[in-house]
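Analysis of the macromolecular model
These are the residues of each chain, in order.
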Amino acid sequence: MALTRLNRIVQLSHTVSLTRPLHGSGCGLQLGAATQTEAPMESPRAVFRTSESEPASHGEQHIGQFYTIPPSQVKTIFPHGLPYRFQQQIKTFNEACLMVRKPALELIGYLKKADPTHPSVRYVLYGERGTGKSLSLCQALHHCSLQDWLILHVPDAHLWVKNCKELMASSYHRARFDQPIEASVWLKNFRVTNERFLKQIKTSQKYVWSKREFTDEGRPLGEIVDQGVTRVKNASDAVGVVLKELKAQARPGSYRLVVGVDGVNALWGRTTLRKEDRSLIDPSELTLVHNLRKMMKNDWCGGAVIATVTQTGSVFTPSSAYLPQELLGKEGFDFLDPFLPVLVPAYSEKEFESSYQYYRDRRWIQHHTGHTEEGKKELLFLSNRNPAALERLCAFL
Amino acid sequence: MAASTMCTAWVSSITRKHCYDVFGIIRSPLFRGASYSTALSVPTNKDVMTRGNRSTMSRRPRREPAAPRTDKMTVDQDWSSVYPTAASFKPSTVPLPIRMGYPVKRGVPLEKKGNLELIKIPNFLHLTPAAIKKQCAALNVFCTKWPETLDSEAKCEQHFPIQVKMTDFVFAGPSVRNPKARVTTLTVKVSSLNLDDHGRKKLIKLAGERHNKETDMLTFTADRCPLRRQNYDYAMYLLTVLYHESSKHEPWEKEKTEADMEEYLWESSTSERNAVETLLRMKGSEDGSAPREELLSSRPMQEYRNSVTNLKNAGESESTLLQYKQSVKNLLNL
């Protein structure tokens, strides 16, 4: 009975909002409709949602359930970190819900148990396309930020090795190249995430930017970031300084640092950028890449490095490659060795069920067959339990 | 009109029995010779088929095609007499219900009768096991006895590691010579040659394409000389030279880099260096530094070494990665 009422409401909202707006009034109406039938939907809702909003308190029993991230946290922790489709989903559903899954839980477990006096351990998330590596990384970073760690998040390292509009020769090092736009964008987002720390951490030496500009020793790191944002020319060098300072001062007594890089195989792959004489640029000749590589080494302690290797967005790699060694190459593998590879598989039966229920609850599946058992089996077959595929399929319904 | 008179004239002379005119009067068989009559007669089926004056006298009654030979074949017949030599496929001679061809519009492949595809392809109907047995029995008369002590494959390999293949061609033609007969192939297993590790690696590098990694066989095909004996001598010469060259140590071989290595050696690699450094840093923080040898010979390190070597040599797969993960966890005490 509740189902027929639901269908009628679904049809009503379907006729009102003929197109599928990604954000805006249509969604609001749907939410309004949802509140009317709050009571009968309570029991299935409870199955796939959990009220624990702290990743630290998630356990094995929460696998497959969705937990919500408050919007304020989303703005501070993930100004640029979440994948694009997930950002659209947040706007549509008016909430940021992540599913608790085994790889993220495993990672958070390691992070909790890790010894801060030991050199930082490197974790590499790998898996086929669309299985949820980036979101698992985001979940781990969410946990770290709630535990008050300093978060260094590079949302997509592939963006730094391709499609760069302005490439200038570095003032600091003659052979290297700067990328001012990417560096300044990243610095802005970094500032949003770690406001608190930027006031606390002080520089350890004097940095001279040009003839008239310099940053003294003992000034807060926020000044370096501001320098990079305002003087875009020095942005890449500012990034380098920030990374160096953070690494040097990440001791067990002070803050704990987590470096999250999505698409770390870009650092050792190939670029599509060319010099003026049309010869290809090696990744090591880019300032940003060079400095980030230094962060990837485990010669500092009191933190962790979480990375994903992904083929999506990478250049010159076959689309079937997903294992770490084939994506990182010999050089990358030797650099990161020894690291802990964590596999991110496709949805299990329970997780698929949970995801399906979530989409139904959010009124995302509007086609009447989508609500039947057969429709569910069809979705299962078509998506092959791949999270991204399921999401795209449901978007059509 | 003219046509009908012609028709009746011809009809009356031949098919006297079957001739009816319009009035239903049967012509008598005694009435021979061509005669004109104005009456029309109904033509029968057979008349329609053969028009005109052709084959009037020499025409015989059409006979049905005979049953194919396959119907008369018994199950236990001697097949080597049906196909004694290489011959094209004859559908009436081969008693198998074979179909060949692309099925059009959800149909089935075409049947064998009149199937050009079956005729075009080579067939081995003349080389059934029974036929080969007969041929071997015939050749046996000219053979010597097989040595009794060589009763297993392994013994043959051990005593005769080098195998030489030469082909003779028999055919009917203007000349008995066949240029393909000069080709000589020499195969030998590399493990049966007396070489150390360095020699083996060098030989494999020098041989290049001629070495098969899976079966570990070295194959020389010599056809550059006009005579078979010369090609055989050349192949033996190649083998000798290769063997002696691989055993030598050249001074420039010391410059072998990591990129030249055939397989991954963990010792003195970046992986070993990284692992040792990490462990030293970990131990260093806990007051008390262990010497390098102790670290290297510890169990987690050995496991790690095995897993990395496996990962690099055997390639990447879920199982090797899991093994690597486990070993790293043990190494870093996670």
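Structure's up top.
The following paragraphs examine the structure supplied in this document. Bear in mind that the values here come from a model prediction, so they are computed numbers and not experimental data.

**Considering the interface of chain A and chain B**
The interface is formed by 27 residues belonging to chain A together with 23 residues belonging to chain B. The contact between chain A and chain B buries some 2,300 Å² in all, and 55% of this surface belongs to carbon and sulfur atoms. Taken together, the links from chain A to chain B amount to three salt bridges. Of the charged contacts, one joins B:Lys312 and A:Asp334 as a salt bridge, the two residues approaching to 3.3 Å between their closest N and O atoms. Between chain A and chain B we count 14 residue pairs in polar contact (both at pLDDT 80 or more) in total. Of all the secondary structure elements, the ones that give two or more residues to the side of chain A that touches chain B are helix 6 (102-113), strand 3 (121-126), helix 13 (324-336) and strand 11 (340-343) of chain A. Among the elements that take part in the side of chain A that touches chain B, helix 13 of chain A stands out by supplying seven residues, more than any other. Taken together, the residues of the side of chain A that touches chain B break down into 16 nonpolar, four polar and seven charged.

**Describing the sheet that holds strand 10 (residues 303-308) of chain A**
Residue and element names in this part refer to chain A. Overall, parallel pairing links the five strands, which are arranged 4-9-10-3-11 in an open sheet. The sheet is open, and its two borders are formed by strand 4 (150-154) and strand 11, each paired with just one other strand. Strand-to-strand, the axes of this sheet are offset by a mean angle of 15 degrees, without reference to chain direction. Of the strand pairs in this sheet, strand 3 and strand 11 are connected by four bridges, and their pairing is parallel. The residue of strand 11 that forms the bridge with Leu125 is Val342. Where helix 12 (residues 287-296) meets the sheet, it contacts strand 3, strand 4, strand 9 (257-262) and strand 10, and its direction lies at approximately 125 degrees from that of strand 9.

**Looking at the sheet that holds strand 3 (residues 211-212) of chain B**
Residues and elements named next belong to chain B. Spatially, 1-2-4-3 is the arrangement adopted by the four strands of the open sheet, whose pairing is antiparallel. The open sheet is flanked by strand 1 (163-166) and strand 3, the only strands paired with a single partner. Where strand 3 meets strand 4 (residues 217-222), two bridges bridge the pair, whose relative direction is antiparallel. From the neighbouring strand, His211 faces strand 4, where its bridge partner is Leu218. Relative to the sheet, helix 9 (residues 228-247) contacts strand 1, strand 2 (184-189) and strand 4, its axis offset from that of strand 4 by approximately 140 degrees.

Criteria and thresholds
- The numbers attached to residues start from 1 for each chain and follow its sequence in the written order.
- Going through the entries in the order they are written, you letter the chains from A and number the ligands from 1.
- This being a predicted model, a pLDDT of at least 70 is required before a residue's local features are given, and a value of 80 or more before pairs of side-chain atoms are given or counted; all residues contribute to the totals for chains, interfaces and linings.
- To obtain the side-chain values, all non-hydrogen atoms of the structure were used and water was disregarded.
- By definition in these notes, contact holds between two residues if any of their heavy atoms fall within 4.5 Å.
- A 1.4 Å probe defines the accessible area here, and the buried area is the portion of it lost by two parts on being joined, summed over both.
- Criterion for a salt bridge: a side-chain nitrogen of Lys or Arg within 4 Å of a carboxyl oxygen of Asp or Glu.
- Side-chain atoms alone can form a polar contact between residues adjacent in sequence; in general such a contact is a pair of N or O atoms within 3.5 Å, and within protein one must be able to donate a hydrogen while the other accepts it.
- We count a stretch as a helix when DSSP gives it H or I for four or more residues in a row; a strand needs E for two or more, and each element gets its number in order from the N terminus.
- For this classification, Asp, Glu, Lys and Arg are treated as charged, while Ala, Val, Leu, Ile, Met, Phe, Trp, Tyr, Cys and Pro are nonpolar and the rest, including Gly, are polar.
- If DSSP finds at least two bridges between two strands, the strands pair.
- Angles shown run from 0 to 180 degrees and are taken between the N-to-C directions of axes, each axis being a line fitted to C-alpha atoms and, for helices, limited to the stretch in contact.

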